[in-house]
Amino acid sequence: MKRYKTATGSSIESITYPKKIHFKEFDLNNGLHCILHKDNRNPIVNVTVAYKVGSKDENVNKKGIAHLFEHLMFQGSDNVKKNEHFNYVMKSGGVCNAFTMHDMTVYFELMPSNSFEISLWLESERMNSLNISEDNLLNQKNVVIEEKKQIHDNAPYGTTIKNIFENIFRGSGYESAVIGEVSDINSFSSEEAMNFHNNYYSPENSVLMVSGDIDYDNAEKLIRKYFTGIEKQNTIIRKKNNIVCLSEDIDLQVYDNVQLSFLNLCYQIPPIGNKSNYSLDYLGEIIANNKSSRLYKKLVYEKKFLKSIKAVKYELEDAGIFLLRAMINPGVDVEDIKNEIFKVINDLAEQGCTDEEFQKVKNQIEFDNTVKHIKLQNISIETIFNYHYFKDTNRINSEMNKYLSVTKQDIKNSVNDFIKNKNKLILTYLPKN
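Residues numbered from 1 in each chain as written. Predicted model: local features only at pLDDT ≥ 70, side-chain atom pairs only at ≥ 80, totals over all residues. Heavy atoms only, no water.

### Quick word on the nonpolar core
Of all hydrophobic cores here, the largest spans 51 residues; its most connected members are Phe 69, Leu 120, Leu 208, Val 210, Ile 223 and Phe 227. Counting residues in each nonpolar core, the second largest holds 41 residues, with Leu 263, Ile 269, Phe 358 and Val 406 among its members. (Core = buried A, V, L, I, M, F, W, Y, C linked by side-chain atoms within 4.5 Å. Buried < 20%, exposed > 50% of the residue type's maximum accessible area, 1.4 Å probe, protein only.)

### Let's talk about the pairing of strand 3 (residues 24–27)
Pairing analysis gives four bridges linking strand 3 to strand 4 (residues 33–38), with the strands arranged antiparallel. Residue pairing for strand 4: Lys 24 is matched across the bridge by Leu 36. Connecting the antiparallel pair strand 3 and strand 4 is a turn made up of five residues, with Gly 31 showing a positive phi of about 100°. (Pairing = 2+ DSSP bridges. Helix = DSSP H or I, 4+ residues; strand = E, 2+ residues; numbered from the N terminus.)

### Some thoughts on the packing of aromatic side chains
Per the counting criterion, the structure on display carries 19 aromatic pairs. The interplanar angle of 70° and the centroid separation of 5.0 Å between the aromatic rings of Tyr 157 and Phe 262 together place this pair among those described as edge-to-face. Separated by 105 residues along the polypeptide, Tyr 157 in the loop between helix 4 (134–153) and helix 5 (160–168) and Phe 262 in strand 10 (residues 261–269) bring together distant segments of the chain. Residue classification places Phe 262 among the buried residues on the basis of a relative accessible area of 7%. Ring centres of Tyr 278 and Tyr 403 lie 4.9 Å apart, and the angle between their planes is 85°; this geometry places the pair in the edge-to-face category. On the criterion of sequence distance, the pair formed by Tyr 278 in helix 9 (residues 275–287) and Tyr 403 in helix 14 (residues 399–404) is long-range, its members being 125 residues apart. Three or more aromatic residues joined by ring pairs make a cluster, and in this case those are Tyr 51, Phe 69, Phe 74, Phe 86, Tyr 107, Phe 196, Tyr 200 and Tyr 201. One Lys or Arg, Lys 391, reaches over the ring of Tyr 387 and ends 5.1 Å from the middle of that ring. (Phe/Tyr/Trp six-rings, centres within 6.5 Å; stacked < 30°, edge-to-face > 60°. Lys NZ or Arg CZ within 6 Å of the ring centre and 35° of its normal.)

### Comments concerning the layout of surface pockets
If you roll a probe as big as a water molecule over the atoms, it shows you where there is empty space left. Empty space within the largest pocket amounts to approximately 1100 Å³. Lining the largest pocket are 39 residues; nearest its centre among them are Asp 281, Lys 313, Glu 315, Lys 372 and Tyr 403. Those elements that place two or more of their residues in the lining of the largest pocket are strand 6 (95–100), helix 5, helix 9, strand 11 (306–315), helix 12 (355–371), helix 13 (376–390) and helix 14. No other element matches the seven residues that helix 13 contributes to the lining of the largest pocket. Here the residues of the lining of the largest pocket sort into 19 nonpolar, 10 polar and 10 charged. In this structure, the second largest pocket occupies an estimated 790 Å³ of space. Along the wall of the second largest pocket there are 35 residues; nearest its centre are Lys 56, Asp 57, Glu 58, Asn 59 and Lys 239. Mapped by element, the contributors of at least two residues to the lining of the second largest pocket are helix 5 and helix 7 (190–200). (1 Å grid on protein atoms, 1.4 Å probe; cavity = no way out; pocket = protein on both sides within 12 Å on 5 of 7 lines; lining within 4 Å. Points joined across faces, edges and corners; volume = space filled by probe spheres on them. Nonpolar A, V, L, I, M, F, W, Y, C, P; charged D, E, K, R; others polar.)

### Quick notes on empty space enclosed by the protein
Tallied over the full model, the rule gives one cavity of 30 Å³ or more. Met 73, Gly 76, Ser 77, Val 80, His 85, Leu 122, Glu 125 and Arg 126 are the residues that line the largest cavity. Counting residues per element, the lining of the largest cavity draws most heavily on helix 3 (residues 116–128), which supplies three residues. Residue composition of the lining of the largest cavity, grouped by class: three nonpolar, three polar and two charged.

### Considerations on the pattern of salt bridges
In total, this model carries 28 salt bridges according to the counting rule given. The shortest N-O distance in the salt bridge between Asp 57 and Arg 238 comes to 3.1 Å. Linking Asp 57 in the loop between strand 5 (44–51) and helix 1 (65–72) with Arg 238 in the loop between helix 8 (216–227) and strand 9 (250–256), this pair joins segments that are 181 residues apart in sequence. Residue Asp 57 is classed as buried on the basis of its relative accessible area of 11%. (Salt bridge = Lys/Arg side-chain N within 4 Å of Asp/Glu carboxyl O.)

### Quick look at the sheet that holds strand 3
Hydrogen bonding along the main chain pairs the strands of a sheet, whether they run parallel or antiparallel. Here six strands make up an open sheet; going across it, the order is 3-4-8-5-7-6 and the pairing mixed. Of all strands in the sheet, those bounded by a partner on one side alone are strand 3 and strand 6. Each strand of the sheet is rotated relative to its neighbour by a mean of 15°, with strand direction disregarded. Pairing of strand 6 with strand 7 (residues 105–112), which is carried by six bridges, proceeds in the antiparallel orientation. Residue Cys 96 lies in a different strand from strand 7, and its bridge partner there is Glu 109. (Axes fitted to C-alpha atoms, helices over the stretch in contact; angles between N-to-C directions.)

### Things to note about helix 3
Look at helix 3: 19 Å from first C-alpha to last across 13 residues, which is about the 18 Å you get at 1.5 Å a residue. Buried positions along helix 3 lie against strand 5, helix 2 (84–91), strand 7, helix 7, strand 8 (206–212) and helix 8. (Expected span 1.5 Å × (residues − 1). Contact = heavy atoms within 4.5 Å.)

### Some details on the side chain of Ser 113
Relative to the elements of secondary structure, Ser 113 occurs in the loop between strand 7 and helix 3. On the basis of relative accessible area, Ser 113 is assigned to the buried category, the value being 18%. One polar contact links Ser 113 to Asp 213, side chain to side chain, over a distance of 2.9 Å. With near-sequence residues (within four places) excluded, Ser 113 lies in contact with Pro 43, Ile 44, Val 45 and Asp 213. (Polar contact = N/O pair within 3.5 Å; in protein donor to acceptor, adjacent residues only side chain to side chain.)

Written out as structure tokens, the structure is:
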């Protein structure tokens, strides 16, 4: 057992590890899987609904409907007027939001515990019916297109994620950006939107999680009250998501309205849950993700070649990406940065990491994975993911053991298996002028 304490001596010092998280699970007759987690320390409840539909389920020339639906789900239903979803939540003292991924779409409310029944009613309403009028559809198309322009098309380096997924997962369901394409978004009809809702937004294709200040029996009673009557015919036919390994390096240069060059080295890695991915988290910390990491210390602090360096890992159901992102200072040659990064990778592949590096990162990962479970919403999202990907809610209690079982040899093996001399996407943003 370990006891953690922040530098300021805050409440984290009272957290002990391991702390087992308990669940109650049951299924409704309509196929809705329900997960309950009781935590009565604070008078709040998190209600999360995840639908197993994302951008990888979209048809060719219809890219963006999954994300468009994230917006449409707040436009009202049979008994909730347009934009009233937000009003009900805010007047109850809560907050709500949603996000769309390649593999799923997730909606959540964080409410005072004495008002969480409102969340169940709101979520059941928009699962059962949705106001997909031509006016609402046109309005949200314009909202999404404007979002695409602001965040992606016209923002510095805004097309980075689009270019990464488009090139590293060519021909797969992960090839397109979640935001979609303007021509496809404009082409959606109200009939197509209604069919999408009837098909994918069904109890059988979703998971409901209620966590926080609840009583198990009362929570189950309320869930049955609001969701039992929702009956939809699930006619989903899943397309096989074929991931093709890169046959050669892809070197893509983008000249953009930016001030600094931006280098992205992108490698294909195994799907979520693969044992190697745990050691790749260690790798990211050792080479880039803190001020004592090899690349940060050498290229940011000592040589001042870089403004920043970061390792990012994307884990998806059918594949993943290990990504090194370097923001390069003016006057520094991109090729020099590549060579410096490859030197560090090759050294790790041949010599491995030091005992000091390994223990420091191990301690940090253990601390981070413990502290994140202080937040109710983190527990809910992680549990939803665990059920979606593995049908195993209790995985949250064994995940830390998987990290702690990583060895120095595992890290060395992962570098050799997935990074050193492997085919990759080299995406570089360069100033136009």
